[in-house]
Amino acid sequence: FEWFAGQRHVRNAGEHGSELRFFNYRDTTPLTAGQVDDSPYGGGAGMVMRVDVVDASLEAVYGPDRDGVRKLALTPGGRRFDEVLASELARESQLALLCGRYEGFDERIVAHLADDAVSIGPYVLSGGELPAMVVADSVLRKLPGSLGDAESALEESFSEALGGAPEYPHYTRPPTYRGWSVPEILLSGDHAKVREWRLERSRERAARP
């Protein structure tokens, strides 16, 4: 997470009052020798994150009540992470992103310790660290002060301003390169027509299969 924590918008969010903290289950496990997982009941390959280990970690960080903390278990079978959920999470005062490893979580972690199960896509990763960065990145950039220009987040892909559609294409200098030209409308100076063109391109992208 060192690279992620050093990104400008993450640092900006921190300077405006947000805090990004990292905890290792091994530091608070009630088991000996730093154990955090065990073999699955019913047999099968791999190891499973233990419910008592995750519970002990949450208690060590937030106390027994965990009031005001929204706890997300990052797992492939969870609710698909999208812009709507990111905006919802950005309104929370505290988020705990629970990362799994190995074969994943004991289901009691998802059912009883977490408030939600969240997935960043229909594929399997080696652990929850990358999904945690994806969720944190999307949420942090929505917080006040994280972006240099607050308007940068208004018309992004899947934003409310675009009706949930992908963002329109962008162009910059040079106006012509290797025979590839910038659309004339963007050079016209007619802001109303530019706006109309951009919305139309956004809707076209949304309509693609």
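What you see is a predicted model; the values in this text were computed from it and never measured.

> Help me understand the side chain of S146, please; the structure alone is not making it clear to me.
Note on placement: S146 falls in the loop between α7 (129–140) and β6 (176–177). We classify S146 as buried; its relative accessible area is 2%. A distance of 2.9 Å separates the side chain of S146 from the backbone oxygen of L143, its partner in a polar contact. Here S146 is in contact with H9, N12, A13, L140 and R141, once residues within four sequence places are set aside.

> Is there a simple way to explain unusual backbone geometry in this structure?
In terms of backbone geometry, most residues other than glycine have negative phi values and most peptide bonds are trans. The omega angle of the peptide bond from R173 to P174 is 0°, so this bond is cis rather than trans. For A33, which is not glycine, the phi dihedral falls at a positive 60°. Along the chain, A33 falls in the loop between α3 (25–28) and β1 (37–38).

> Can you help me understand helix α8 (residues 191–207) in this one?
Between its first and last C-alpha atoms α8 spans 24 Å; for 17 residues at 1.5 Å apiece the expected length is 24 Å, and the two agree. Along α8, the residues that are buried comprise V194, W197, R201 and S202. Along the axis of α8, the buried residues cluster in a sector spanning 135°; they form a single face. Exposed residues pointing more than 90 degrees away from the buried face of α8 are listed as A192, E196 and A207. A distance of 3.3 Å separates the backbone nitrogen of A192 from a side-chain oxygen at the start of α8, and that oxygen is part of D190.

> Before we go on, may I ask you to explain the pattern of salt bridges in this structure?
Two side chains that carry opposite charge are able to pair once their charged atoms sit near each other. One pass over the full model with this rule turns up 13 salt bridges. A salt bridge links E88 to R70, with the shortest nitrogen-to-oxygen separation between them at 2.7 Å. One end of the pair, E88, is in helix α5 (residues 83–90); the other, R70, is in strand β3 (residues 69–80), and 18 residues separate them in sequence. Among the residues examined, E88 registers a relative accessible area of 22% and is labelled partly exposed. You can call R70 buried: its relative accessible area is 11%. D106 is paired through a salt bridge with R108; the nearest N and O atoms lie 2.6 Å apart. Through salt bridges with shared partners, a single ionic network connects R70, R79, E88, E92 and D116.

> Sorry, what's going on with the sheet that holds β3 here?
Remark on secondary structure: sheet strands pair via backbone hydrogen bonds, oriented parallel or antiparallel. In space, the 3 strands of this open sheet follow the order β4-β3-β5, with parallel pairing throughout. Two strands bound the open sheet, and with one partner strand each, they are β4 (94–99) and β5 (116–119). Across this sheet, the average inter-strand angle for adjacent strands is 45°, counted without regard to direction. Relative to β5, β3 is paired through 5 bridges, and the arrangement is parallel. Within β5, the residue paired with R80 across the bridge is S119. The sheet strands contacting α7 are β3 and β4, and the helix crosses β4 at an angle near 160°.

Calculation rules
Residues numbered from 1 in each chain as written. Predicted model: local features only at pLDDT ≥ 70, side-chain atom pairs only at ≥ 80, totals over all residues. Heavy atoms only, no water. Helix = DSSP H or I, 4+ residues; strand = E, 2+ residues; numbered from the N terminus. Buried < 20%, exposed > 50% of the residue type's maximum accessible area, 1.4 Å probe, protein only. Polar contact = N/O pair within 3.5 Å; in protein donor to acceptor, adjacent residues only side chain to side chain. Contact = heavy atoms within 4.5 Å. Expected span 1.5 Å × (residues − 1). Arc of directions from axis to C-beta. Salt bridge = Lys/Arg side-chain N within 4 Å of Asp/Glu carboxyl O. Pairing = 2+ DSSP bridges. Axes fitted to C-alpha atoms, helices over the stretch in contact; angles between N-to-C directions.

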